[in-house]
Amino acid sequence: MIEKIKDAIKDDSLILFVGAGMSIPFGFPNWADLIQNILEKLHQKYGTTIPVPFDYFINQGNNVDVFKVLSSLENENCKSEVNTLLYEEITSVDIKDCDFNKQEKLWQISDKIITTNYDKVLEKKKPEDIPWFSNFNEFQQSRSLNDNPFLYKIHGDINNPDKCIFFESDYKKLYDEDTSDKETLKTFLKTKTILFLGFSMNDPFITKQIEYLYAIYSGYNRNHYILQTKSNSKDLRKHNLQTIPIDNWNDAFDDFLDELVEAKKENSKNDIVITPSKKEDIDISKIKDTILLEKMFDEKKEEFDEAEDHLKKKFDKELRVIKDRMIELRTKQFNFDFKIPDHDLNELEHIFETIYNSEILSDLTKGKINKIKNVNEKIYQWYHRSVIVSALACSLVNHHKIDIAKIDLLIDFVNESEPKVWQKAITYLFIVLNFLGNRWIRYKKKLESKIERLKLNLEIQESLRTIIYFMQIGLQRENALGQYVFENKHFKNNPFNYFLPFFKGNPSVDKLYDNENIEDIEGFIEFLYDIPLPDSFKYLVCNEENIIVEKKSHHQIDEGKLQDSLSIFTMHITFEPYLNYASEFLNFYENHPDINKSINEKGTIVEVKNLKNYLLNTIEHHRALGRQFMIEEQWGKAITHYQQLLVIKENDILALKSLITCFENKKNSTDDRLELRLKIENIDPKDHENLFKVGVLYNEKKKYKTAIKYFDKAIILEDKKSDYYGIRASSNRSLGKLEDSLKDHNKSIEFDRENAMYFNNRGNTKFDLKDYEGALRDYNKSIELDDKSADTYINRAGVKVKLKGHKSTAINDCDTAIQLDNKNGKYFRERGNIKFDLKDYEGALKDYNYAINKNSRDIDSLNNRGLTKDSLGDYENSLKDYDKIITLDPNDIAAYTNKANSLRKLNQINEALETIAIAQELNPEDSMACGTKAAIYASHGDDEKFYEFLEKAFQLNAKANWLDNDIKEKYKNEKRFQDLLKKYDQTLEEE
């Protein structure tokens, strides 16, 4: 049976389903022991005060009915307490120094794992690029169904015990109701091969889990497999589970895993195919040149800015790698542990610490907060209120417990008039409520009126739009200082210092006046106050003695070390000020050495749940959902939400543009996208980028004149965009306006001389102008800028064929194009064309065969293969190619013409005449068809008809050197033939 598993590995259809048996060896309790531990703790607390038979259940030991116990506790409203005890039981197990060899092998066998376990064992060896997700996560489930790697914790994760599937009511909700989890499991069970590991069928709780799973896919005949020891094996065929027996869970299990790992490795070897050569990946960790890293960062940032929303996450990861290396190099030279002057805000610090450490706020503390919150209290400034916002948010996170007064106060601070206060408050409010999950929802009625006011405040809604946006693409960890800031005791030993804003008149500013290396000290201080960077960074800058600041167009910190790292805060400036607040807050919980790390796993994930319904108005709610679905590439669902948004606000340009992106990715028609672009034009006729894209769409529809009108409009509004000229050049070329096309290409290159595509495209226009030398120079330049473009090599090969002395190297260019992309049949076809011109018919035939194997409907390759077979005298098989073309396109004149010529060579004259008649009926003015008809009469011995149709062919611009050799040989010495050639200035020589 293990061969079935290997077969599943081979076709990448194996999913591992991991049960509790894979975690118990690390010290986690089995289900019975877990229940017993919980019962004993609850018994100590409640005794006989609640009608739960604790003594009876405890005395049953390992034979206890787990679901019966849990149902009894749930009936007495103990569910929340049980979940808390579950969290304590699981998180109390220390697995830090354990051996995870088996888990590593699991990930080597399959990158798709489902588990019912709540713990973190599988994560210890999970590759970083494989996402994990918990139950009721529709987005990630949808991604997993597209064969993306995953760790699917179907029964939940212990960091969120309230969502763990533990009680029978939880199981029924998950498996009996129409949930996305159930549908996802059903799809996997129907389409994949699943291997169950760590499921002991002697455990009634596990047996119940298997029964729930079986209920989902009963009726389907697909078999799945379960690993069991021979001594404890049970027949599970009634559940469509085939047992794979092993001797034990130690050596025998390791041997079993090793065999599958080897099968996976062997399959990987077999999968190797010829692939395009790529630039070697640059190992960022080896780069020591910070200037080079800054250049790379700036280039990648440009790509990030230009990318569609759903692609930004990819570029953010790449930016983070470069940024982390820059920080690493600079911080190696930097001593963070220097003295930062103490403040004199002792009363404020005391209030901060009280809030920070309070699970529930006392009335006295609330009174002090309200006093600070009162803007009429002149002794309190904006930074006092900002610190209180931080304290409230931290307190909610620290204690994992809802204090509705803290949330209420946070909302009050959102309504503060000072931007530096309310902007921080709305950022923290969103992060904290997202972290708390559904636990705060029960209190929402007490907050309903205040939340409704937030939904009506357009400025607040716009800020939430920004916050959700950068969190959806994963930017909230953008804090360049990271853990290094906590090397300074000022921030490590006192959270108040970390969250204290950089305010005017703070003691650190005074130190700047002692630094003679700073030009324009007053201007630089204002610069520090205003720039949206972490406050801790500003304090560090003020107290670094070796700082050098030159006055430029804007203030710039120079000289290596920490001070020249402003560029890596570029994302903070892009999303100011919200990203600054979010990253500063999350950095505290992620990197402070003494802080609980639980927010690290929840606060960085923006789940689309009811929370957003409460904070966002309907418009922004649809926008957030639409963007999330875009990021997950669930285009249909995204379209639904943007369309619902536009029903409410039909002129929302952001939504219209997002909908266009969805249409593009869902392959909607050009007309659908054009309709939306034209609507944007009506709303904002000065949006030059939209006008340009309208032109692009008309270009796609081959309405080149209309396209050019829109390109003209865009260029009038913005005359320095290279791509505007580049695409207009393409439209002009399509209209045959080659000189205009050349002018536009020149303009695009004037604005961007580093773009290889522009030189390639100008080369194409020069080729059409028969300026072959100029075209060759442009293709050479294009390849110099980008030597990985297969199309440019093919284009250069084409121009080399036209130039004397270059034909021999044209094949080399085709070879390079194929090496770069061997999946594109047109490259084989083009190489075949050159070989045909060089009369290497056997070589041409092979290339056309390759091209047709890539695309059996490639009419050009079929036609050229037919001509090649014809040149090799294989007329019967050439007819098959022409017939295939006619089947694909009954109006293809060339196919009928070439077929008629092959029939002529087979001396099937009547059939040849009938076939050429069809070609001429399709187009009586086709010169090739007319010339072929002349050749047919020549083969038939009718010289008068031959000369009649040959002269007509010449009149239609046919070339005499197109005639086949047998016709040339027959007539080349006849005076009448020579006179006709002379009359029409024709020659039999090849061009």
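Chains are numbered independently. Their residues run from 1 in the order of the written sequence. It should be noted that, the model being predicted, local features are given only for residues of pLDDT at least 70 and side-chain atom pairs only at 80 or more, the latter also being counted only at that level, while totals for whole chains, interfaces and linings use all residues. Note: side-chain values were computed over all heavy atoms of the structure, leaving out hydrogens and water.

By the naming in an unreviewed UniProt entry, the protein chain is Tetratricopeptide repeat-containing protein, taken from Dokdonia pacifica.

## Digging into the sheet that holds strand β5 (residues 193-197)
The condition that has to hold: For two strands to pair, DSSP has to find at least two bridges joining them. Secondary structure follows DSSP: runs of H or I at least 4 residues long count as helices, runs of E at least 2 residues long count as strands, and numbering of each begins at the N terminus. Helix axes are fitted to C-alpha atoms over the stretch in contact, other axes to C-alpha atoms as well, and angles between N-to-C directions run from 0 to 180 degrees.
Ordered in space as β3-β4-β2-β1-β5-β6-β7, the seven strands form an open sheet in which the pairing is parallel. The sheet is open, and its two borders are formed by β3 (132-134) and β7 (241-246), each paired with just one other strand. Each strand axis lies, on average, 25° off the axis of its neighbour in the sheet, ignoring direction. Here strand β6 (residues 224-229) pairs with β7 via six bridges, running parallel. Residue pairing for β7: threonine 229 is matched across the bridge by isoleucine 246.

## Focus on the UniProt feature "repeat: TPR" (unreviewed entry) in the protein chain
Counted only if it meets this: UniProt positions are given in the numbering used here, feature names are shortened, and annotations may be inferred rather than shown by experiment.
Feature annotation in UniProt assigns "repeat: TPR" (unreviewed entry) to the following positions: residues 688-721, 756-789, 859-892 and 893-926. Taken end to end, residues 688-721 comprises 79% helix and 0% strand; its first and last C-alpha atoms sit 10 Å apart. Regarding residues 756-789, the helix share stands at 79% and the strand share at 0%, and the terminal C-alpha atoms are separated by 9 Å.

## Comments concerning the pairing of strand β4 (residues 150-153)
Threshold: Burial classes: relative accessible area under 20% of the type maximum marks a residue as buried, over 50% as exposed, and values in between as partly exposed (1.4 Å probe, protein chains only).
In β4, alternate side chains face the same way, and those of Phe150 and Tyr152 on one face and Leu151 and Lys153 on the other are all buried. Sheet topology places strand β2 (residues 112-115) next to β4; four bridges connect them, and they run parallel. When the sheet's bridge partners are listed, isoleucine 114 is paired in β4 with tyrosine 152.

## Notes on a positive patch on the surface
This is how the line gets drawn: Each patch is assembled from residues with relative accessible area greater than 30% and no salt bridge, linking like charges that lie within 9 Å and nonpolar side chains (Val, Leu, Ile, Met, Phe, Trp, Tyr) that lie within 5 Å. Residue burial considers only the protein chains on display, and all accessible areas are found by Shrake-Rupley using a 1.4 Å probe. Any carboxyl oxygen of Asp or Glu within 4 Å of a side-chain nitrogen of Lys or Arg constitutes a salt bridge here. Two residue types count as positive, namely Lys and Arg, and two as negative, namely Asp and Glu; His and chain ends fall outside the count. Taken as the charge location is NZ of Lys, CZ of Arg, CG of Asp or CD of Glu.
There is a patch of like positive charges on the surface, built from Lys770, Lys802, Lys807 and Lys839. Summarising the element assignment, lysine 770 is placed in the loop between α38 (756-768) and α39 (772-785).

## As for the environment of asparagine 488
Note the threshold: A 3.5 Å cut-off defines polar contacts: any pair of N or O atoms within that distance qualifies, except that in protein one atom must be a possible hydrogen donor and the other a possible acceptor, and neighbouring residues in sequence count only when both atoms are side-chain atoms.
If you trace the backbone, asparagine 488 turns up in the loop between α20 (458-472) and α21 (489-492). Taking the relative accessible area as the measure of exposure, asparagine 488 reaches 1% and is therefore buried. Through-space distance from the C-alpha of asparagine 488 to that of serine 536 is 10.0 Å; in sequence the pair is 48 residues apart. In terms of polar contacts, asparagine 488 uses its side chain to reach the backbone amide nitrogen of histidine 490, at 2.9 Å.

## Here's the deal with the packing of aromatic side chains
This is how it is decided: Two aromatic rings, drawn from Phe, Tyr or Trp (for Trp, its six-membered ring), form a pair once their centres lie within 6.5 Å of each other, and the interplanar angle then sorts them: stacked below 30 degrees, edge-to-face above 60, tilted otherwise. Two conditions define a charge sitting above a ring: the NZ of Lys or the CZ of Arg must be within 6 Å of the ring centre, and it must be within 35 degrees of the ring normal.
Scanning the model with the defined rule gives 45 aromatic pairs in all. Judged by centre distance (5.8 Å) and plane angle (50°), the ring pair of phenylalanine 954 and tyrosine 984 falls under tilted. Of this pair, phenylalanine 954 sits in helix α49 (residues 943-955) while tyrosine 984 sits in the segment after α51 (975-983), and the two are 30 residues apart along the sequence. Residue classification places phenylalanine 954 among the buried residues on the basis of a relative accessible area of 6%. Taken together through their ring pairs, the aromatic side chains of Phe352, Tyr356, Tyr428, Phe486, Phe491, Phe496, Tyr498, Phe499, Phe585, Phe588 and Tyr589 make up a single cluster. Directly above the ring of tryptophan 132 sits lysine 120, whose terminal nitrogen or CZ lies 4.9 Å from the centroid. Of note, lysine 153 hangs over the ring of tryptophan 132, and the distance from its end group to the ring centre comes to 5.6 Å.

## With respect to the nonpolar core
Stated formally: For the purposes of this section, nonpolar cores are sets of buried Ala, Val, Leu, Ile, Met, Phe, Trp, Tyr and Cys residues that join through side-chain atoms within 4.5 Å. The contact criterion used throughout is that any non-hydrogen atoms of two residues lie within 4.5 Å.
In this structure, Ile388, Leu392, Ile407, Ile426, Leu429, Phe470 and Phe585 are the most contacted members of the largest nonpolar core, which totals 94 residues. For this core, the element with the highest residue contribution is helix α18 (residues 419-436), accounting for 12 residues. Beyond its immediate stretch of four places on either side in the chain, leucine 392 contacts Ile355, Leu361, Ile369, Lys406, Leu409, Leu410 and Phe413.

## Let's talk about the packing of helix α37 (residues 738-751) against α38
Rules: Throughout this description, any angle smaller than 35 degrees is read as roughly parallel, any larger than 145 degrees as roughly antiparallel, any in the 65 to 115 degree range as roughly perpendicular, and the remainder as oblique. Take the far helix as the reference: if the near one is turned anticlockwise from it by less than a right angle, the crossing is left-handed, and if turned clockwise, right-handed. For this classification, Asp, Glu, Lys and Arg are treated as charged, while Ala, Val, Leu, Ile, Met, Phe, Trp, Tyr, Cys and Pro are nonpolar and the rest, including Gly, are polar.
Following both chains from N to C, one finds α37 and α38 inclined at 160°, their axes separated by 10 Å at the closest point. Our classification of the angle between α37 and α38 gives roughly antiparallel. For the pair α37 and α38, the crossing hand works out as left-handed. Each of Leu738, Ser741, Leu742, His745, Asn746, Ser748 and Ile749 in α37 lies in contact with α38, whose residues at this interface are Tyr758, Phe759, Asn761, Arg762, Thr765, Lys766 and Asp768. In the contact of α37 with α38, the residues fall into five nonpolar, six polar and three charged.

## Comments concerning the confidence of the model for the protein chain
Our working definition: Scored from 0 to 100, pLDDT reflects the predictor's confidence in each residue.
Looking at the protein chain as a whole, the pLDDT averages 84, with 85% of positions reaching at least 70. Across the protein chain, element-level confidence peaks in helix α35 (residues 704-717) with a mean pLDDT of 96 and bottoms out in strand β9 (residues 556-558) with 41. Every residue in residues 269-281 is under pLDDT 50, and counting partners more than four places away or in other chains gives 12 contacts. Long-range and interchain partners of residues 600-611, a stretch whose pLDDT sits below 50, account for 36 contacts in this model, where long-range means more than four residues apart.

## Examining the side chain of arginine 865
One can find arginine 865 in helix α44 (residues 859-871). A polar contact is formed between the side chain of arginine 865 and the side chain of aspartate 881, at a distance of 2.7 Å. Those residues in contact with arginine 865 that sit more than four places away from it in its chain are Leu845, Tyr848, Asn849, Ile852 and Asp881.

## A look at helix α4 (residues 66-75)
Along α4, the residues that are buried comprise Val66, Phe67, Val69, Leu70, Ser72 and Leu73. N-capping of α4 is provided by aspartate 65, with a side-chain oxygen placed 3.2 Å from the backbone N of phenylalanine 67. Looking at the residues trailing α4, positive phi occurs at asparagine 77, about 60°.

## Some details on the side chain of aspartate 687
Relative to the assigned elements, aspartate 687 resides in the loop between α33 (670-683) and α34 (688-700). Take aspartate 687: its relative accessible area is 12%, and that puts it in the buried class. Polar contacts involving the side chain of aspartate 687 include one to the side chain of lysine 657, which spans 2.9 Å. Ignoring anything within four residues of it in the chain, the contact list for aspartate 687 reads Lys657 and Ile680.

## A look at unusual backbone geometry
One non-glycine residue, lysine 702, adopts positive backbone phi at about 65°. Tracing the sequence through the fold places lysine 702 in the loop between α34 and α35.

## Quick look at the pattern of salt bridges
Counted according to the given criterion, the structure contains 64 salt bridges. Across the pair aspartate 247 and lysine 230 runs a salt bridge, and its minimum N-O distance is 3.0 Å. You can see aspartate 247 sitting in the loop between β7 and α11 (251-270) and its partner lysine 230 sitting in the loop between β6 and β7, a full 17 residues away along the chain. The two residues aspartate 247 and lysine 230 agree in class, both being exposed. Where salt bridges share partners, they join Arg465, Glu620, Arg623, Lys649 and Asp652 into one cluster.

## What to know about α34
Filter applied, for reference: A helix's residues, less one, multiplied by 1.5 Å, set its expected span.
The end-to-end C-alpha distance of α34 is 19 Å, a good match for the 18 Å that 13 residues give at a rise of 1.5 Å each. Buried residues of α34: Asn690, Leu691, Phe692, Val694, Gly695, Leu697, Tyr698 and Asn699, and no others. Lining the buried residues of α34 we find α33, α35 and α36 (722-734). Put simply, aspartate 687 is the residue that caps the front of α34, since its side-chain oxygen is 3.3 Å from the backbone nitrogen of glutamate 689.

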